[in-house]
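Each chain, letter by letter, is given below.
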Amino acid sequence: MALKRPFSELDWQLTPEPVRQYIMALERMLFDMEQRIVAHEKRLEKLEVRSSKNSHNSSKPPSSDPPFSRQKRKQKKSTRAKGGQKGHKPHQRQMLDPTESHWLMPTRCACGHAQFDPQKMQPFYAHQHIELPEIEMQISHYILQQCDCPNCGRTVKAALPSDVSTGYGPRFTALIGELSGIKAMSRNDVKQLCESVLGIGIATGTIQKLVDRTSNALLPAYERIGRVARRFWCNYIDETSWFKENDLHWLWAMANERVAFYRIDPHRSKEAFEKLVRDWDGILVSDGYGLYRKWVNRQTCLAHLIRKADALAERKKTDLCRFGEIVAAWLRQLVSFAKEPPDPEMWSDFYTFFLFTVSVWEKDKTDAGKLARQIVREMDSLWTFLDHHGIEPTNNRAERALRFGVLWRKRSLGTQSEKGNRWVERILSLKETCRLNAKPTFPFLVECITSYFRRSTPNLSWI
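Residues numbered from 1 in each chain as written. Predicted model: local features only at pLDDT ≥ 70, side-chain atom pairs only at ≥ 80, totals over all residues. Heavy atoms only, no water.

**Q** Tell me what's going on with the packing of helix H6 (residues 219-231) against helix H15 (residues 418-436), and back it up with residues and numbers.
**A** With their axes 9 Å apart at the nearest point, H6 and H15 run at an angle of 65 degrees to one another. Our pair here, H6 against H15, has a crossing hand that is left-handed. For the pair H6 and H15, contact is made by Leu219, Tyr222 and Ile225 and by Glu425, Arg426, Ser429, Leu430 and Thr433, respectively. A breakdown of the residues in the contact of H6 with H15 according to their chemical character gives four nonpolar, two polar and two charged. (Axes fitted to C-alpha atoms, helices over the stretch in contact; angles between N-to-C directions. Helix = DSSP H or I, 4+ residues; strand = E, 2+ residues; numbered from the N terminus. Left-handed = near helix turned anticlockwise from the far one by under 90°. Contact = heavy atoms within 4.5 Å. Nonpolar A, V, L, I, M, F, W, Y, C, P; charged D, E, K, R; others polar.)

Here you go:
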């Protein structure tokens, strides 16, 4: 590809050979520069797209957004007063059972009278004052005796009861599990809290032993949660990276409206997915990962497609920007059908125009064509939520279930052993399942550990 010369072929032939060679060299130089400019423009566009990715136009988590680049939400000024609105459900302070009561009598009237008949007193208001009592640990001292048998002369020693043989009771062990797992505190933080608040000096190694004991006690609940998840008719599944001794692993989450089941696997593969779901064959809600697309009955996450369309809408090229805006609008309208299902005419109009928009760009070689082809591949799983009541059009439930695990990974950098992986799986499953059922975690931890000491099974009927 050479530049068009501003003179005729005859003039070119009459041009001296050195001049022609010089012109040809300049043409080659210009051609090379044009090629470099085109290559640099493509590279610059890729870098701009990569640098502009955030939680709004990609699958990156919100925590990855730098604080100085976060856009302030544009909110319309409301004419309503701040605070609770008329008709809202009140959240008032609840009256608790008192440990002691004080009856307060009036002392003097405004007129100066100070003598009142106690028989005519009537309560008009109850005020509760809540205070944390001074914590005094219950420490039982067991002194084991021994003596010589008068019959055979052997030394006979007393034995500890099984429920106190560990040195730490169920409630204290459950507290360590609550702080280390539910609150994801480090071993040193738990150690400092025990010393500061409880007045108990405890080694980090002992804390780890109590965590391991809690993990073993949670095994029946963890297995129960897994069975319930694999019997449920619809599950939301997602995965995120995890690290064990700096080796890449994957934290899988299988969540629904009743339970959340977690599993850590060294691989992000078909085998790992099958170990998670086993014989489950219900409706799967997931993102567009190739492994999930092979599932027969599936709802793809529309939020992922919307973010990709939003990314195209931010591109500088007019055609890409326009395509992104149109597709994002159509997908958002599809999501709105979850709350307000369309009538036949509305659905016919949406279906016709949506398919026309995608088909026009399907063969395009740009990123717009790439997104259009992805939508075509997942066309059958875009509106499963319209055919089955109770299915959400996005995979936000699984992403929310993974959120605490992601924060834990960032704080602790993962785990150091297979035993640590099992602890993360079990405590995350318990934490999220209790949240879904509005059940406090600490009393159930105490129940599980008490049953573990007694070699019995805790009450799992609520799962």
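**Q** Can you break down the packing of aromatic side chains residue by residue, with the values?
**A** If you walk through the whole model with that rule in mind, you get 22 aromatic pairs. Here the aromatic residues Trp330, Phe337, Trp347, Phe350, Tyr351, Phe353, Phe354 and Trp383 are joined through ring pairs into a cluster of three or more. Above the face of the Phe404 ring, Arg411 is positioned so that its terminal group lies 5.9 Å from the ring centre. (Phe/Tyr/Trp six-rings, centres within 6.5 Å; stacked < 30°, edge-to-face > 60°. Lys NZ or Arg CZ within 6 Å of the ring centre and 35° of its normal.)

**Q** I'd love a proper account of the side chain of Lys244, names of residues and values included.
**A** For Lys244, the location among the structural elements is in strand S3 (residues 234-244). On the accessibility criterion, Lys244 (12% relative accessible area) is buried. (Buried < 20%, exposed > 50% of the residue type's maximum accessible area, 1.4 Å probe, protein only.)

**Q** I'd like a description of a positive patch on the surface, backed by residues and values.
**A** A contiguous patch of positive charge, built from Arg293, Lys308, Lys370, Arg373 and Arg377, is present on the exposed surface. The element that contributes the greatest number of residues to the positive patch is helix H12 (residues 367-377), accounting for three residues. Tracing the sequence through the fold places Arg377 in helix H12. (Patch = residues over 30% accessible without salt bridge, like charges linked within 9 Å, V, L, I, M, F, W, Y side chains within 5 Å. Areas by Shrake-Rupley, 256 points an atom, 1.4 Å probe, with all protein chains shown as cover. Salt bridge = Lys/Arg side-chain N within 4 Å of Asp/Glu carboxyl O. Lys, Arg positive; Asp, Glu negative; His and termini not counted. Charge placed at Lys NZ, Arg CZ, Asp CG, Glu CD.)

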